[in-house]
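If you want the building blocks of each chain, they are given just below.
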Amino acid sequence: MASVTSVFPQLERLLPRISKPIQYVGGELGAVVKDWDAVTVRWALSYPDAYEVGLPNQGVQILYEVLNEQPDVLAERTYAVWPDLEKLMREEGVPQFTVDAHRPVTAFDLFGVSFSTELGYTNLLTMLDLAGIPLDASARDDRHPIVIAGGHAAFNPEPIADFIDAAVLGDGEEAVLEITAIVRAWKAEGEPGGRDELLLRLARTESVYVPRFYDVDYLPDGRIQRIVPNRADVPFRVHKRTTMDLDAWPYPKRPLVPLAETVHERYAVEIFRGCTRGCRFCQAGMITRPVRERSITTVGQMVKEGLEYSGFHEVGLLSLSSADHSEIGDMCSGLAQQYEGTNVSLSLPSTRVDAFNVTLAQELSRNGRRTGLTFAPEGGSERIRQVINKMVTEEDLIRTVVTAYSNGWRQVKLYFMCGLPTETDDDVLQIAKLAHEVIKAGRAATGSRDIRCTVSIGGFVPKPHTPFQWASMEEPEVIDRRLKALKEAINSDRSVGKAIGYRYHDGEPSQVEGLLSRGDRRVGAVIRRVWEDGGRFDGWSEHFSYRRWVEAAAAVLPAYGVDLAWYTTREREQVEVLPWDHLDSGLDKDWLWQDWQDAMTGYEQDDCRWTPCFDCGVCPSQDTEIQIGPTGRKLLPLTPVGGLRVPGAASAGAHQHG
Ligand code: SF4
């Protein structure tokens with residue numbers, strides 16, 4: 001391939017005319033620029049949102065580092081550009097570029113896009129179009145990159161099947177290296193059979209899904225009849241990837257330190273993957289099983305090296321439910337001790353109500369700083385919490401929040417969902433009662449009126465590969481009515497209502513997420529129409545237009561005999577073929593159905609970390625078992641640090657984000 005030149009000279013001329021130009025210039029600490037001609041395989045990686053959201057994305061950062069460690073591979077990053085720059089790029093003919101070396105995305109061999117939410121789909125189309133890559137995968141030829149989707153949304157990539165060449169389910173660390181090896185070998189052989197042969201080789205691994213190699217047949221009533229391979233040697237089901245030994249993949253080692261402001265500025269280390277708590281709405285918990293813990297010693301080493309490298313002042317111990325790590329107590333006390341007297345603070349971004357305790361509170365606040373605490377009871381009433389399998393009692397919540405207030409926190413956030421299966425008005429109104437009790441108990445325990453809580457409400461979206469994948473969504477008008485009534489109920493008692501913040505989104509974005517989450521290939525035409533109508537950055541309320549989606553669905557879907565409600569407010573039957581049935585998350589479909597039935601009776605499913613296996617199917621399908629400690633190992637000894645000195649921190653623009 002001929003060498004590729006930077007588009008920066010053309011881009012630079014546009015920078016004075018746009019907002020936040022620094023986000024497009026690259027050069028962050030941790031960024032890597034390699035000689036184009038000295039490598040064999042070249043990846044462009046993206047999180048399809050603005051730089052400020054995309055840069056901190058752990059998945060992209062890990063793959064970027066894993067790939068760049070390979071001597072004959074380069075990986076660069078590209079993000080969605082804001083509409084002001086998009087307009088100028090179109091006028092001036094500047095293509096979608098990477099921020100590392102400002103190379104055009106179309107020059108790369110592979111374009112990997114990580115989706116944690118389906119609301120990034122329209123941004124994918126913008127990036128492809130600006131890159132000069134045909135939106136239709138079938139119209140691409142050997143000059144174009146292979147477009148690969150990953151992330152949680154890739155567990156049902158059918159709505160974007162027309163626009164991607166492939167999807168990878170599950171953990172990416174090993175998958176990207178395996179894909180790289182296949183591309184490397186194919187190139188070394190002189191690229192036999194072109195793009196088609198390369199895709200076939202990827203599909204035959206059984207862990208890369210290539211939508212064009214599968215045909216979807218429909219029944220007269222609009223439901224799917226079957227999804228079958230149309231090429232020899234392509235598997236009937238594509239399996240997810242699972243990285244079993246997290247200690248063998250201690251990334252990020254050299255985290256990216258942003259130059260522009262981003263949503264998170266901290267050194268984030270994933271302390272375990274997977275979750276078996278079994279919350280029935282939670283796709284992340286279901287599709288990332290089994291539980292795999294990173295050992296306390298590896299976490300300690302990663303934090304030490306990550307902070308020294310980056311200069312961050314906050315350490316985020318990430319996972320789906322961080323307080324559930326079997327050695328979380330020792331981990332937090334070890335880190336608190338290690339960084340005592342420095343300005344390094346610890347945070348657990350997701351903390352289960354019933355796993356937070358006094359010791360943890362003290363360790364998290366030992367250096368005097370208290371990062372935000374969020375607890376997620378998810379449901380307002382005991383009944384609805386049984387339906388969703390969130391086994392948290394009102395007493396648990398009160399005790400936990402009082403622990404936080406008593407240890408110096410003045411503010412906590414409580415997260416709930418609205419629109420859950422079987423939900424009534426009363427289930428939602430109970431949120432107000434809970435919040436009132438929280439404030440009263442907090443005042444009683446601290447003797448202070450200076451405490452607050454924020455009630456934050458999200459709309460429930462049924463997700464593939466969860467027990468609620470068959471559930472109907474509530475009408476947006478009902479959601480809006482319940483949320484309005486809840487606001488009134490919170491404010492009905494002014495003496496406590498004043499101490500309660502209330503944040504919610506109306507029901508409309510959830511309907512669109514519902515369409516995209518459980519959509520099939522026919523939904524691709526809706527996405528394209530929305531994008532043609534100007535749809536961009538649908539995850540941002542100021543850019544999202546419900547009208548645009550409703551109109552596009554009304555224009556496109558009737559030709560297929562379906563409509564928006566068919567995808568959202570329709571409950572599915574057990575026999576229905578779901579658009580993602582050929583994509584294997586490891587979960588047994590019969591088990592999911594049984595758990596859905598159990599939800600209706602309020603049966604609570606325990607966590608298999610501490611009770612016997614309940615046969616969800618994942619461990620046998622991965623030929624493994626859950627991995628939890630305690631290991632008995634200690635975080636220490638690490639080299640003591642007396643006031644953390646960090647090379648490059650100031651010049652890299654690192655700053656604290658509370
Ligand atoms: S197979 Fe059993 S042990 Fe493994 S995650 Fe499922 S329920 Fe837990």
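Here is what the cut-offs are and how they apply
By convention here, each chain's residues receive numbers from 1 onward along its written sequence. The model is predicted, so local features are restricted to residues of pLDDT at least 70 and side-chain atom pairs to those at 80 or more, both for listing and for counting; the totals for chains, interfaces and linings are taken over all residues. As a convention, hydrogens and water are excluded, and side-chain values are obtained from all of the structure's heavy atoms. Strands here are runs of E lasting at least two residues and helices are runs of H or I lasting at least four, both read from the DSSP assignment and numbered beginning at the N terminus. It is over C-alpha atoms that the radius of gyration is taken, and the globule rule equals 2.2 Å times the number of residues to the power 0.38. Each residue is placed in one exposure class: buried if its accessible area under a 1.4 Å probe, protein chains only, is under 20% of its type's maximum, exposed if it is over 50%, and partly exposed if it falls in between. The criterion used for residue contact is that any of the two residues' heavy atoms lie within 4.5 Å. Here the open area of atoms and residues is found with the Shrake-Rupley method and a 1.4 Å probe, where only the protein chains shown may cover a residue. In this charge count, Lys and Arg are treated as positive and Asp and Glu as negative; neither His nor the chain ends contribute. Taken as the charge centre is NZ of Lys, CZ of Arg, CG of Asp or CD of Glu, depending on the residue. Polar contact is defined as a pair of N or O atoms within 3.5 Å, subject to the rule that within protein one atom must be able to donate a hydrogen and the other to accept it, and that residues adjacent in sequence are counted only when both atoms are side-chain atoms. DSSP bridges decide pairing: two strands pair if at least two such bridges lie between them. Every crossover in which the path from the first strand over the helix to the second runs clockwise, viewed with the strands pointing away from the viewer, is termed right-handed. Inter-axis angles, ranging from 0 to 180 degrees, are taken between N-to-C directions of lines fitted to C-alpha atoms, where helices are fitted over the stretch in contact. What counts as a salt bridge is simple: a side-chain nitrogen of Lys or Arg found within 4 Å of a carboxyl oxygen of Asp or Glu. The cutoff for a nearby residue is simple: one of its non-hydrogen atoms must lie within 4 Å of the molecule or strand. Nonpolar residues are Ala, Val, Leu, Ile, Met, Phe, Trp, Tyr, Cys and Pro. Charged residues are Asp, Glu, Lys and Arg, and all others, Gly as well, are polar. Throughout this description, any angle smaller than 35 degrees is read as roughly parallel, any larger than 145 degrees as roughly antiparallel, any in the 65 to 115 degree range as roughly perpendicular, and the remainder as oblique. For any pair of crossing helices, the crossing counts as left-handed if the nearer helix is rotated counterclockwise from the farther one by less than a right angle, and right-handed if it is rotated clockwise. Working definition: a ring pair exists when centres of Phe, Tyr or Trp rings (six-membered ring for Trp) sit within 6.5 Å. Plane angles under 30 degrees give stacked, over 60 give edge-to-face, the rest tilted. Our definition puts a charge over a ring when NZ of Lys or CZ of Arg is within 6 Å of the ring centre and also within 35 degrees of the ring normal. What pLDDT expresses is the predictor's confidence in each residue, scored from 0 to 100.

### A closer look at the overall build of the protein chain
Check the secondary structure of the protein chain and you find 22 helices and 19 strands. The C-alpha atoms of the protein chain give 25 Å as radius of gyration, which agrees with the globular expectation for 658 residues (26 Å, within 12%). C-alpha atoms of the protein chain, sized along the principal axes, occupy 75 × 65 × 55 Å. The burial tally for the protein chain puts 61% of its 658 residues in the buried class. Considering only intrachain contacts with a sequence separation of at least 6, the fraction spanning at least 24 residues in the protein chain is 78%. Only carbon and sulfur atoms are counted for the fraction: they give 50% of the accessible area of the protein chain, which is about 24300 Å². Positive and negative side-chain charges in the protein chain, numbering 71 and 94 respectively, have mean positions lying 4 Å apart.

### Some remarks on helix H5 (residues 121-131)
Across the eleven residues that make up H5, a large majority, ten, are buried. Just downstream of H5 lies Gly132, where phi reads positive at about 85°.

### Things to note about the environment of Asp538
Among the secondary structure elements, Asp538 is positioned in the loop between helix H18 (523-532) and helix H19 (546-556). Take Asp538: its relative accessible area is 3%, and that puts it in the buried class. With near-sequence residues (within four places) excluded, Asp538 lies in contact with Leu119, Thr122, Phe544 and Trp549. At 3.1 Å, the side chain of Asp538 and the side chain of Trp549 are in polar contact.

### Considering the pairing of strand S16 (residues 411-418)
In the sheet, strand S15 (residues 374-378) pairs with S16 via three bridges, with the strands oriented parallel. Among the inter-strand pairings, Glu378 is bridged to a residue of S16, identified as Phe416. Here eight bridges tie S16 to strand S17 (residues 452-459), and the two strands are oriented parallel to one another. Counterpart to Val412 in the pairing with S17 is Cys453. Traced from S16 through helix H14 (residues 425-446) to S17, the parallel crossover comes out right-handed.

### Some words on the sheet that holds S16
The strand order S15-S16-S17-S18 describes an open sheet built from four strands, whose pairing is parallel. The sheet is open, and its two borders are formed by S15 and strand S18 (500-504), each paired with just one other strand. Strand-to-strand twist across the sheet, computed as the mean angle between neighbouring axes with direction ignored, equals 20°. Contacting S16, S17 and S18, H14 crosses the sheet at an angle of about 160° to S17.

### Section: the pattern of salt bridges
Evaluation of the coordinates by the stated rule reveals 52 salt bridges. Two residues, Asp171 and Arg292, come together in a salt bridge whose shortest N-O distance is 2.7 Å. Taken as a pair, Asp171 in the loop between strand S5 (166-168) and helix H6 (173-188) and Arg292 in strand S12 (residues 292-293) lie far apart in primary sequence, 121 residues in all. Both residues of the pair, Asp171 and Arg292, count as buried. Where Arg482 meets Glu474, a salt bridge forms, and the shortest distance between an N and an O atom there is 3.8 Å. Within this structure, Asp171, Glu173, Glu270, Arg273 and Arg292 form a network of salt bridges that share partners.

### Structural notes on the site of the ligand
Around the ligand sit Thr276, Cys608, Cys613, Phe614, Asp615, Cys616, Gly617, Val618 and Cys619, and those are all the residues in its vicinity. Of the residues assigned to the shell around the ligand, the class counts are six nonpolar, two polar and one charged.

### Here we look at the packing of helix H13 (residues 394-406) against H14
Between H13 and H14, the shortest axis-to-axis distance is 9 Å and the interhelical angle comes to 40°. By the criterion of interaxial angle, the relationship of H13 to H14 is oblique. H13 and H14 meet at a crossing whose hand is right-handed. Counting all contacts with H13, which are made through Glu394, Leu397, Ile398, Val401, Val402, Tyr405 and Ser406, the residues of H14 involved are Lys433, Leu434, Glu437, Val438, Ile439, Ala441, Gly442, Ala445 and Thr446. Of the residues in the contact of H13 with H14, the class split is ten nonpolar, three polar and three charged.

### Points about the packing of aromatic side chains
The full count for this structure, using the stated rule, is 15 aromatic pairs. With a centroid separation of 5.7 Å and 90° between ring planes, the pair formed by Phe460 and Phe468 is classed as edge-to-face. Here Phe468 falls in the buried class, since its relative accessible area comes to 0%. An aromatic cluster of three or more residues is present, and its members are Trp82, Phe537 and Trp540. It is Arg77 that lies over the ring of Tyr64; its NZ or CZ is 5.0 Å from the centre. Here the basic side chain of Arg570 rests over the ring of Trp566, its NZ or CZ set 3.9 Å away from the ring centre.

### Quick look at the confidence of the model for the protein chain
On average, residues of the protein chain carry a pLDDT of 92, and 95% of them reach 70 or more. Taken as a whole, residues 637-658 scores under 50 in pLDDT and shows 40 contacts with residues more than four places along the chain or in a different chain.

### Comments concerning the environment of Arg528
With respect to the helices and strands, the residue Arg528 is situated in helix H18. Linking Arg528 and Ala552, residues 24 residues apart in sequence, is a C-alpha distance of 8.8 Å. Once you skip the residues sitting within four places of it in the chain, Arg528 turns out to touch Leu125, Leu135, Asp136 and Phe163.

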